[in-house]
Amino acid sequence: MESLVVIVGAGPSGLAVTACLFLLSVPFVILEKEDCVASLRRKRSYDRLKLHLTKQYCALPHMPHPATTPTFIPREQTSTATWHASG
Ligand SMILES: Cc1cc2nc3c(=O)[nH]c(=O)nc-3n(C[C@H](O)[C@H](O)[C@H](O)COP(=O)(O)OP(=O)(O)OC[C@H]3O[C@@H](n4cnc5c(N)ncnc54)[C@H](O)[C@@H]3O)c2cc1C
């Protein structure tokens, strides 16, 4: 019998798990109480926010930041922003 993984929350952690399960062809459903992914970044952070850690510590699995990404990533260039923009 195949199991279905339930992921609660579409923040960076939930999206990271989602990417890994997808690539392993493990079935999953992701539940998010807000109407978007990365709700902390999208709804509860200020426009001028830059991540406090350098970019190599802030990438999602299988989604490295391009070389052109600034070392301290602005809010709209985070991995979760890219994920959201890609649909
Ligand atoms: C100013 C600032 C700077 C930061 N800089 C960095 C940085 O440089 N690098 C870094 O790695 N991190 C940084 N962080 C922290 C970063 O925001 C968190 O590490 C990250 O958001 C944690 O991701 P998460 O998915 O675990 O949790 P969250 O982002 O909190 O996501 C949890 C998700 O679960 C959803 N949820 C909660 N409860 C339920 C429920 N019962 N049912 C359904 N959905 C639910 C929420 O709506 C949310 O979308 C920073 C944070 C701040 C505030």
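This one's a predicted model, so the numbers in the text were calculated from it and none came from an experiment.

What counts as what
Residues numbered from 1 in each chain as written. Predicted model: local features only at pLDDT ≥ 70, side-chain atom pairs only at ≥ 80, totals over all residues. Helix = DSSP H or I, 4+ residues; strand = E, 2+ residues; numbered from the N terminus. Buried ≥ 20, exposed ≤ 12 C-beta atoms within 10 Å, placed from the backbone. Contact = placed C-beta atoms within 7 Å. Near = placed C-beta within 6 Å. Nonpolar A, V, L, I, M, F, W, Y, C, P; charged D, E, K, R; others polar. Pairing = 2+ DSSP bridges. Right-handed = clockwise from strand over helix to strand, strands pointing away. UniProt positions renumbered as here; feature names shortened; annotations may be inferred.

1. Things to note about the overall build of the protein chain
Looking only at helices and strands, the protein chain features 3 helices and 2 strands. Overall, the protein chain shows an N-to-C arrangement of helices and strands of β-α-β-α-α. In terms of principal-axis extent, the alpha carbons of the protein chain reach across some 45 × 25 × 20 Å. The 87 residues of the protein chain split such that 11% are buried. For the protein chain, long-range pairs separated by at least 24 residues make up 47% of all intrachain contacts whose partners lie at least 6 apart in sequence.

2. Digging into unusual backbone geometry
Of note, Ser-25 is a non-glycine position whose phi angle comes to about 60°, a positive value. Note that Ser-25 resides in the loop between helix H1 (12-23) and strand S2 (28-31). The class of Ser-25 is exposed, set by 6 C-beta atoms lying within 10 Å.

3. Thoughts on the site of the ligand
The immediate surroundings of the ligand are formed by 18 residues, with Gly-9, Gly-11, Ser-13, Leu-51 and Leu-53 found nearest. For the shell around the ligand, the secondary structure elements donating two or more residues are H1 and helix H2 (39-43). It is H1 that contributes the most residues to the shell around the ligand, 3 residues altogether. Tallied by class, the residues present in the shell around the ligand amount to 9 nonpolar, 6 polar and 3 charged.

4. Points about the environment of Arg-42
With respect to the helices and strands, the residue Arg-42 is situated in helix H2. C-beta crowding within 10 Å serves as the criterion here: with 16 such atoms nearby, Arg-42 is assigned to the partly exposed category. Between the alpha carbons of Arg-42 and Arg-75 there is a distance of 8.5 Å; along the sequence they are 33 residues apart.

5. Considering the pairing of strand S1 (residues 5-8)
As paired elements, S1 and S2 share 4 bridges and run parallel to each other. Its bridge partner lying in S2, Ile-7 is registered against Ile-30. Tracing the backbone out of S1, into H1 and back to the parallel element S2 gives a crossover that is right-handed.

6. Description of the UniProt feature "transmembrane region" (unreviewed entry) in the protein chain
What UniProt calls "transmembrane region" (unreviewed entry) maps, in this numbering, to residues 6-31. In the segment residues 6-31, helix accounts for 46% and strand for 27%; the C-alpha atoms at its two ends are 7 Å apart.

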